[in-house]
Structure formats: structure tokens, C-alpha cells
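# Remarks on the overall topology
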Amino acid sequence: EFLLVVPEFSARDFPGARGYSYGNAQDRDGKPRPRSTWSFEAIEAIFADLRQRFGMTAEGYAIYGHAAGAQFVHRFLLHVPEARVSRAVAANAGWYAMPDFTVAWPYGLQGSAVREEQLRHALQASLTLLLGAENSVPDEPGRRWTQEALMQGPHRVARGEAFFTAGRAAAAERGIALGWQLATVPGAGQDSDLMAAAAIPYLLP
């Protein structure tokens, strides 16, 4: 048995990518926000509340995000190293916060709230990067066309592979074991239903 929880981050309280996908960690001018206002902070608070409310004995939880949710998940792992995440799946993110302190946030970690120890912890987390095999269309509607995003690759598959490769290099540089894995879903593109179904084996023990 397991309990499925689907938090809602409203556009009113967490507007746009900055409020949700980037964790609300910075304001419009790039200045740090109080940690209590981060969208990332909600996850541990929800887990603590559920454990108390239902008398749960679980020591950890699995977390899944698709598209913008995948952006949230991988940045959450970077920002909240104490999170009691047992398994995480980030599916079909449009682009990533690379594990690189020389690349400016939100495409990298320069200027972010993430520090070296947080990155080391995130690199060792049990994270599955789940990619829809059909998401290799360079002119996909709605995707990021900024120069920074294009440096990660021409489409979602390439960018996911680039993020995984960067994580592997960052872990090797630090002499630690990478906890990430890369998986592809044949026949799936940006279909949230197909991706969610494919994610189940990576989320359950």
C-alpha cells in the first residue's frame, strides 16, 4: 500500500517558472528569498503533516515530476539536501539546472542558494531521469529557445542526456558515486499519462 499525494502550487502564490519550477528561491531581480517562502519547502512540511495525521511510520517518500514538475524535482533535490526522499523521478524536463557553479542560475548553480555540500548530496541521490524516446524533435512547440537552453541540446532527450553526463562528470570530479540513472520510455513523447505509468517501477520499492 502507498499514499498518493498531489500538491497544488497555485499561480497566485507561486507565479510562473520562478515561483514554481525554480522554487521561489529568488525574486524577479535575482535576490534571495527567505527559505520559508520557497515552494521547495512545502514538500517536507507536507510529509511531516501526513506522518502525524495518519500515524505513518514511513521514514521517506518517493517524488515524481513531469515537464515543469521535473524541473521542480531536480532543483528540489539540489536545494533541500535534508529531504527524506527515497527515490525521485524527473521526467521530460525541458531543460535543467546543470551541476556546474560556473553556469548562472537557473541553467546552472552560479548565484543560486545551492552550495558544494548540497550538490554532493544531490549527486548521490536516487534520481531517475526518465525521457520519452519520441521527445527528440528540435522544433517542439513551447520549448525553451534561449541560448543557455540550446547549449544543453536541441531537444528534451538530448538535454536529459546532457544533464546525466554532467552529473556523472561532477560526481567523478568529487570522487563520489553517482546515484542517478537514465531511462528511456519507447514510444512516448510528452504524454504525461504514458510517462507516469512508466515511472511507477522507479518509484516503488
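## What to know about the nonpolar core
If you look at the biggest cluster of nonpolar residues, it comprises 44 residues, and the most contacted ones within it are Ile43, Phe76, Leu78, Leu127, Leu129, Phe163 and Trp180. Those elements that provide at least two residues to this core are α2 (41-54), β1 (61-66), α3 (68-79), β2 (85-91), α4 (116-123), β3 (127-132) and α6 (156-174). Looking at this core, the element that brings in the most residues is α3, giving 6 residues. Setting aside its immediate chain neighbours within four residues, Leu127 contacts Leu77, Ala88, Val89, Ala90, Phe163, Gly179, Trp180 and Gln181. Of all hydrophobic cores here, the second largest spans 10 residues; its members include Ala91, Val185, Met195 and Ala198.

## Some details on unusual backbone geometry
A cis amide bond links Trp105 with the next residue in sequence, Pro106, at an omega value of 10 degrees. Mapped onto the secondary structure, Pro106 falls in the loop between β2 and α4. For Asn24, which is not glycine, the phi torsion reads 60 degrees and is therefore positive. Mapped onto the secondary structure, Asn24 falls in the loop between α1 (16-19) and α2.

## Examining the pattern of salt bridges
Tallied over the entire structure, the rule returns 7 salt bridges. Salt-bridge contacts for Glu44 lead to Arg84; the nearest nitrogen and oxygen are separated by 2.8 Å. In this pair, Glu44 is assigned in helix α2 and Arg84 in the loop between α3 and β2, connecting sequence segments 40 residues apart. With a relative accessible area of 15%, Glu44 lands in the buried category. Under the relative-accessibility criterion, Arg84 is labelled partly exposed at 31%. Through salt bridges with shared partners, a single ionic network connects Arg35, Glu41 and Glu82.

## Section: the packing of aromatic side chains
What the rule picks out here adds up to 14 aromatic pairs. Where Phe9 meets Phe14, the ring centres are 5.4 Å apart and the plane angle is 75 degrees; that geometry is what we call edge-to-face. Take Phe9 and Phe14: they sit in the same class, and that class is buried. An angle of 15 degrees between the planes, with centres 5.2 Å apart, marks the rings of Tyr20 and Phe72 as stacked. You can see Tyr20 sitting in the loop between α1 and α2 and its partner Phe72 sitting in helix α3, a full 52 residues away along the chain. Phe72 sits in the buried class, given a relative accessible area of 3%. These aromatic residues form a ring-pair network of at least three members: Phe9, Phe14, Tyr20, Trp38, Phe40, Phe72 and Phe76. The ring of Trp95 has Arg75 lying over it, and the distance from NZ or CZ to the ring centre is 4.9 Å. Its end group placed over the ring of Trp105, Arg75 keeps NZ or CZ at 5.5 Å from the ring centre.

Rules of the game
Residues numbered from 1 in each chain as written. Predicted model: local features only at pLDDT ≥ 70, side-chain atom pairs only at ≥ 80, totals over all residues. Heavy atoms only, no water. Core = buried A, V, L, I, M, F, W, Y, C linked by side-chain atoms within 4.5 Å. Buried < 20%, exposed > 50% of the residue type's maximum accessible area, 1.4 Å probe, protein only. Helix = DSSP H or I, 4+ residues; strand = E, 2+ residues; numbered from the N terminus. Contact = heavy atoms within 4.5 Å. Salt bridge = Lys/Arg side-chain N within 4 Å of Asp/Glu carboxyl O. Phe/Tyr/Trp six-rings, centres within 6.5 Å; stacked < 30°, edge-to-face > 60°. Lys NZ or Arg CZ within 6 Å of the ring centre and 35° of its normal.

Purely spatial values, then, with no claim about function.
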